[in-house]
Amino acid sequence: MRDNDKVRLFYIIGLIFLSSIAVISLVFELYTFVLILVAVPFVFIAFIYFQKHYLEIFLISLFLGNYFQWSFRVQLSLLAAFAVIFYFMSSDKNLFNELNLPRNIKYSGIVLVSAVYLSSFLTPFVSFFTVYYAFLFFTFVTLSYVVFRSVKDTDTIDKLLYFFVVLNSISGVIVILQIIYTGKLRSLGLALFPQMDFAAMALITVIFRNFLLSKTDNKTTFVASIVFIVLITTQSRFAWLGFLLTFIYGLIICFIYSPDARSIIKKRIPVFIFAMLIGVSLIFIFRLDNIFLQRLGSNNFTLFQGSEEGVLTTNSLESRVFIWIVAVNAFIHNPLTGVGYLMFSVVSNNYNNLPDIIFTTFVENLDAHTTLLNFLCETGIIGLSSFLVYVVSIYFLSLKAIKLSYSMATLKVSIILNLLTFFIIIHSVYSGAFTMGQNALHMHFIFGLTVANYALLAKSQKNEISYDTYNS
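The rules we used
- Residues numbered from 1 in each chain as written.
- Predicted model: local features only at pLDDT ≥ 70, side-chain atom pairs only at ≥ 80, totals over all residues.
- Heavy atoms only, no water.
- Helix = DSSP H or I, 4+ residues; strand = E, 2+ residues; numbered from the N terminus.
- Buried < 20%, exposed > 50% of the residue type's maximum accessible area, 1.4 Å probe, protein only.
- Contact = heavy atoms within 4.5 Å.
- Areas by Shrake-Rupley, 256 points an atom, 1.4 Å probe, with all protein chains shown as cover.
- Salt bridge = Lys/Arg side-chain N within 4 Å of Asp/Glu carboxyl O.
- Core = buried A, V, L, I, M, F, W, Y, C linked by side-chain atoms within 4.5 Å.
- Patch = residues over 30% accessible without salt bridge, like charges linked within 9 Å, V, L, I, M, F, W, Y side chains within 5 Å.
- Axes fitted to C-alpha atoms, helices over the stretch in contact; angles between N-to-C directions.
- Parallel < 35°, antiparallel > 145°, perpendicular 65-115°, else oblique.
- Left-handed = near helix turned anticlockwise from the far one by under 90°.
- Nonpolar A, V, L, I, M, F, W, Y, C, P; charged D, E, K, R; others polar.
- Expected span 1.5 Å × (residues − 1).
- Bend = angle between axes of the 7 residues up to and from the residue.
- Phe/Tyr/Trp six-rings, centres within 6.5 Å; stacked < 30°, edge-to-face > 60°.
- Lys NZ or Arg CZ within 6 Å of the ring centre and 35° of its normal.

Attention shifts here to the overall build of the protein chain. When helices and strands are counted, the protein chain shows 17 helices and four strands. Sorting the 472 residues of the protein chain into buried and exposed places 51% on the buried side. When contacts within the protein chain are restricted to residue pairs at least 6 apart in sequence, those whose partners lie at least 24 apart make up 76%. Total accessible area on the protein chain is roughly 22800 Å²; 69% of this is exposed by carbon and sulfur atoms.

Shown next, in the form of structure tokens:
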């Protein structure tokens, strides 16, 4: 055996050993120990392969959700974003594409970042942290631009989208192992709460990419099954709602823009009905129906429920109503520029108009629990308007990309990116997930891919028109 082979074998055995210990530790919920075990080989491998696979490494970091330091919002995905941006700034620009950022995205992005910085200086609570949090948002948008400059063809985008699905299935296996050992159905693995939305977005991707818009295989079926199970076990009604609305929207988009997809969907409707019946049967066989019905039925509109012991209780919808009341009050007092990006959870006590026991129990130290309301109370009308213009502009570019697609392969990618953008917009109405952390980083990652996909297709069409004009 050659020396190189021995070294390679040594590292493979070491990684298998560390991974095995990490999985066992995760099952026993020893999260800090797991992070240390995972971080050592992850950092080592990332250092070696960063230049070639930095986008994949960033996606992996999204599934390690623990915060190392809360005030500065430091987690592995944020550090990975810094590394990606630094790599872009320090590398030869010939390594990246030469696409021009569409004007509406460029200017709306500049206005959005400016609005967030404006809120950090004009807030009544201006401090180092208000400016630092604005810098974090600037980092998110800059990451999106680096992603935009990093992809050189549609096939690369397709591989990144599917890689995210595969990562979800790996994370899903960990979640299932946790459930088996702990008995806690709502386990979330190392990704923690973002796992809920990640599963919904991954399932949308794999259904349309591998079942409705192309041929499938056994490996993909297994991956999709794991992601579907995790989406169910997380019991996130908001993730389910976002998935269902996006799935229906996606069918409409396919019927409108793709005759081939329309034909495939018609042929596979019986398969989907059969798969749905199997899924429902398994739910009843394993007696999960009572848990799901209890979860779905837990929302009612009685704002105060007293237990026999006199303890105030409420459900998740009602607790959100309490948060929204305080968030709206914060906006009313700071209508133009808000209280500062990510600052509502810090300063909400200054705008409390609820009984102290309700505020302390359901509102204190929490964000506004919807992305749009977060932007409204934290960056004011200026910030929210800028955010909406930016996101809607990207959505319409994703629609244009569908029309520009010249093959089934490019159409498939364009439709999926349009669906993911739609999911983000809809989900932002009732969920605060995309304000910060892994979800925000993933959102801007998707935005970068979406704009790059449009720019690639527009450039391809322009080149084709120029070629036809030259020949004529």
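This part covers the pattern of salt bridges. Taken as a whole and assessed by the stated rule, the structure comprises two salt bridges. Of the charged contacts in the structure, one is a salt bridge between Lys159 and Asp155, with a shortest N-O distance of 3.3 Å. Here Lys159 and its partner Asp155 are both found in helix α6 (residues 154–182), four residues apart, which amounts to about one turn of the helix. The exposure class assigned to Asp155 is partly exposed, which follows from its relative accessible area of 42%.

With that settled, consider the environment of Leu456. Note on placement: Leu456 falls in helix α17 (residues 437–471). Between the C-alpha atoms of Leu456 and Thr154, which are 302 residues apart in sequence, the distance is 7.5 Å. Residues within four places of Leu456 in sequence aside, it is in contact with Leu99, Val151, Lys152, Asp153, Thr154 and Ile157.

Despite not being glycine, Leu192 shows a phi value in the positive range, around 65°. With respect to the helices and strands, Leu192 occurs in the loop between α6 and α7 (194–212). The backbone phi angle of Gln235 is positive, close to 60°, even though this residue is not glycine. With respect to the element layout, Gln235 can be found in the loop between α8 (218–233) and α9 (237–257). The class of Gln235 is buried, set by a relative accessible area of 9%.

Looking now at the environment of Leu449. Position of Leu449 among the secondary structure elements: in helix α17. Taking the C-alpha atoms as reference, Leu449 lies 7.9 Å from Ser144; in sequence the two are 305 residues apart. In contact with Leu449, not counting residues within four places along its chain, are Val147, Val151, Ile157, Leu160, Leu161 and Leu417.

Before going further, it helps to examine the nonpolar core. One finds Phe58, Phe137, Leu161, Phe208 and Leu449 to be the most contacted residues of the largest nonpolar core, which totals 131 residues. Sorting elements by how many residues they give to this core places helix α15 (residues 371–404) first, with 15 residues.

Turning next to the side chain of His444. On the secondary structure map, His444 appears in helix α17. In contact with His444, not counting residues within four places along its chain, are Phe137, Phe140, Val141, Ser144 and Tyr390.

What follows concerns a nonpolar patch on the surface. A grouping of Leu118, Phe121, Leu122, Val126, Leu336, Ile381 and Ile382 is seen on the molecular surface, where their side chains present a nonpolar patch of about 630 Å² in accessible area. Counting residues per element, the ones that place at least two in the nonpolar patch are α4 (103–122) and α15. Within the secondary structure, Phe121 is located in helix α4.

For the pair helix α3 (residues 76–90) and helix α5 (residues 128–150), the least separation of the axes is 9 Å and the interaxial angle reads 55°. As far as their axial angle goes, α5 and α3 are oblique. Here α3 and α5 pass one another in a crossing that is left-handed. Residues Leu78, Ala81, Phe82, Val84, Ile85 and Phe88 of α3 lie in contact with α5, whose contacting residues are Tyr132, Phe135, Leu136, Thr139, Phe140, Thr142, Leu143, Tyr145, Val146 and Arg149. Here the contact of α3 with α5 is composed, by residue class, of 13 nonpolar, two polar and one charged.

Under the 1.5 Å per step criterion, the end-to-end length of α15 is only 31 Å for 34 residues, more than 12% shorter than the ideal 50 Å. The largest bend along α15 measures about 135° and falls at Thr379. α15 sits mainly inside the fold: 24 of its 34 residues count as buried.

On to the packing of aromatic side chains, then. Using the criterion set out here, one finds 35 aromatic pairs in the structure. With a centroid separation of 4.2 Å and 15° between ring planes, the pair formed by Phe375 and Phe387 is classed as stacked. Here Phe375 matches Phe387 in class, with each residue buried. A connected cluster of aromatic rings, assembled from ring pairs, spans Phe50, Tyr54, Tyr87, Phe88, Phe96, Tyr145 and Phe148. Here the basic side chain of Arg73 rests over the ring of Trp70, its NZ or CZ set 4.0 Å away from the ring centre. In this structure, Lys93 is placed above the aromatic ring of Phe88, and the distance from its NZ or CZ to the ring centre is 4.9 Å.

An ideal rise of 1.5 Å per residue puts 21 Å on 15 residues; α3 measures up with 21 Å between its terminal C-alpha atoms. Along α3, the residues classified as buried are Leu76, Ser77, Leu78, Ala80, Ala81, Val84, Ile85, Tyr87 and Phe88.

In this section: the packing of α4 against α15. When two helices pack together, their arrangement is captured by the angle between the axes and the distance separating the axes. One can describe the packing of α4 onto α15 by two numbers: an axis separation of 9 Å at closest approach and a directional angle of 165°. It follows that α4 is roughly antiparallel to α15 by the angle criterion. Note on packing geometry: the crossing formed by α4 with α15 is left-handed. On α15, the residues touching Asn104, Ile105, Ser108, Gly109, Val111, Leu112, Ala115, Val116, Leu118 and Ser119 of α4 are Phe375, Glu378, Thr379, Ile382, Gly383, Ser386, Phe387, Val389, Tyr390, Ser393, Ile394 and Leu397.

For the rest of this paragraph, the subject is the side chain of Ser431. With respect to the helices, strands and loops of the structure, Ser431 is situated in the loop between α16 (408–430) and α17. A residue is classified by how much of its surface remains accessible, and Ser431, at 11% relative accessible area, is buried. Once residues lying within four places of it in the same chain are set aside, the contact partners of Ser431 are His369, Thr370 and Thr371.

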